[in-house]
Amino acid sequence: MLLEGRKAIVTGGNTGIGKATSERLGAEGASVCINYYSAKEASDAEALAEQIRSDGAPRAIAVQGDVGSEDDVKRMVTRAHDQLGGVDLLVNNAGIEKQAPLLEMELDLWSAVIQTNLTGAFLCIREAGKIMAAAGGGTIVNMSSVHEFIPWPGFAHYCASKGAIKLLMETAARELAPKRIRLVNVAPGAIVTPINQFVLDDPEQKHAVESEIPLGRMGQPDEIAAAVAWAASAQADYVTGTTIVVDGGMSLYPKFV
Ligand code: NAI
Ligand code: BGC
């Protein structure tokens, strides 16, 4: 097992890539704090924690919280620390997107995307990072996106948040290396999850997306979780301040002639 004895928080850990990651970390021997956003998700998140425990993880808990709220993040990190017996792995996975043309984008929408995708990651890095620093080290994996470097019309807020996470990660990797904290981004391409329901529901859009992927298909959440588990493990002990792209070749610009 790659992560025996580790103590992890996965934000937005109850659906899609986050759910696959929570399951994978547990299967690799980590204790897991599954963060979920809305009270409506409580019973699903509790059931996921139960499943992860029965699959062999030492501990698994579900904790509601908005990553964009400083109070919620402090409460969540404290609970994870108290109930798991520490925190030495953080997966900043929570994220939102909603298409909007730039010239008509409401400030509220811009702010919501930045608050969740970027400020949320900062708050979690700061709070979990303090615990890691005091305990002698840890690993932080941010779920960025190929849109940390590929511009995407209609998603300026989202691309701004993911591009910013790249330099946040790189700067934090330099600043926190002396405290033995590693930071890595995982950048998925198009993955079959609820965030892409608008594409999955439309055969034409799905075909258009697949035609942008040299491997010819969208990815599965567990293919991203596998990269997270490796990046967080001791096998990656010499890896920090970089992005692992898991995108079926999407970033090779397959339509460029
Ligand atoms: P998803 O919609 O299933 O997951 C997002 C999760 O974040 C949900 O569980 C949601 O409840 C949670 N969340 C939203 N706002 C939150 C908040 N304020 N506080 C706490 N949790 C909150 O979709 P998916 O695809 O699993 O997304 C996970 C991450 O992967 C996101 O950061 C997304 O940007 C990123 N990503 C997804 C790709 C894809 O093709 N599915 C590709 C590249 C990146
Ligand atoms: C977005 C997905 C999109 C993928 C590739 C991700 O960051 O969340 O909606 O399919 O990038 O464009």
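In what follows, the structure referred to is the one given above.
All figures in this text were calculated on a predicted structure; none of them were measured in a lab.

*Asks:* Even after reading the chapter, I still don't get the overall build of the chain, so can you show me in this structure?
*Replies:* Looking only at helices and strands, the chain has eight helices and seven strands in total. What you see for the chain is a C-alpha radius of gyration of 17 Å, in line with the 18 Å of a compact globule of 257 residues. Principal-axis analysis of the C-alpha atoms places the extent of the chain at approximately 50 × 40 × 35 Å. Expressed as a percentage of the 257 residues in the chain, the buried residues total 51%. Intrachain contacts of the chain at a sequence separation of at least 6 include 74% that bridge at least 24 residues. Accessible area of the chain: about 12,100 Å², with a carbon and sulfur share of 55%. In the chain, the 22 positive side-chain charges and the 31 negative ones have mean positions that sit 7 Å from each other.

*Asks:* Any chance you could explain the packing of helix 3 (residues 70-84) against helix 4 (residues 107-135) here in plain terms?
*Replies:* Helix packing for two helices is described by the angle between their axes and how far apart those axes are. Across the interface, helix 3 lies against helix 4 with an axial gap of 9 Å and an inter-helix angle of 35°. Seen along the crossing, helix 3 lies across helix 4 with a hand that is right-handed. When helix 3 is examined against helix 4, the residues E70, V73, K74, M76, V77 and H81 are found in contact with a partner set consisting of L123, C124, R126, E127, A128 and I131. Residue composition of the contact of helix 3 with helix 4, by class: seven nonpolar, one polar and four charged.

*Asks:* Got a minute to help me understand the site of ligand 2 in this structure?
*Replies:* Lining the immediate surroundings of ligand 2 are E97, S145, H147, W152, Y158, G189, A190, I195, N196 and M250. Within the side chain of E97, an N or O atom sits 2.5 Å from an oxygen atom of ligand 2. One nitrogen or oxygen atom from the side chain of S145 is found 2.6 Å from an oxygen atom belonging to ligand 2. Isolated, ligand 2 exposes 310 Å² of accessible area, and the fraction of that covered by the protein chains is 91%. Class assignment for the residues of the shell around ligand 2 results in five nonpolar, four polar and one charged.

*Asks:* Even after reading the chapter, I still don't get unusual backbone geometry, so can you show me in this structure?
*Replies:* Peptide bonds are trans in most cases, and residues, glycine excluded, mostly fall at negative phi. Here the phi dihedral of R180 falls at roughly 60°; this positive angle occurs in a residue that is not glycine. Among the secondary structure elements, R180 is positioned in the loop between helix 5 (156-176) and strand 6 (181-188). Given the relative accessible area of 64%, R180 is considered exposed. Phi is positive for Y253, which is not a glycine, with a value near 50°. Its relative accessible area of 47% is what places Y253 among the partly exposed residues.

*Asks:* Mind showing me how you'd approach helix 2 (residues 42-54) here?
*Replies:* Residues spaced three or four apart along an α-helix point in a common direction, a consequence of the helix completing one turn every 3.6 residues. For helix 2, which comprises 13 residues, the first-to-last C-alpha distance of 18 Å matches the rise-based estimate of 18 Å (1.5 Å per residue) to within 8%. G56 occupies a position one or two residues after helix 2 and carries a positive phi of about 115°.

Reading the values: the criteria
- Residues numbered from 1 in each chain as written.
- Chains lettered and ligands numbered in written order.
- Predicted model: local features only at pLDDT ≥ 70, side-chain atom pairs only at ≥ 80, totals over all residues.
- Heavy atoms only, no water.
- Helix = DSSP H or I, 4+ residues; strand = E, 2+ residues; numbered from the N terminus.
- Rg over C-alpha atoms; globule rule 2.2 N^0.38 Å.
- Buried < 20%, exposed > 50% of the residue type's maximum accessible area, 1.4 Å probe, protein only.
- Contact = heavy atoms within 4.5 Å.
- Areas by Shrake-Rupley, 256 points an atom, 1.4 Å probe, with all protein chains shown as cover.
- Lys, Arg positive; Asp, Glu negative; His and termini not counted.
- Charge placed at Lys NZ, Arg CZ, Asp CG, Glu CD.
- Axes fitted to C-alpha atoms, helices over the stretch in contact; angles between N-to-C directions.
- Left-handed = near helix turned anticlockwise from the far one by under 90°.
- Nonpolar A, V, L, I, M, F, W, Y, C, P; charged D, E, K, R; others polar.
- Near = heavy atom within 4 Å.
- Polar contact = N/O pair within 3.5 Å; in protein donor to acceptor, adjacent residues only side chain to side chain.
- Expected span 1.5 Å × (residues − 1).

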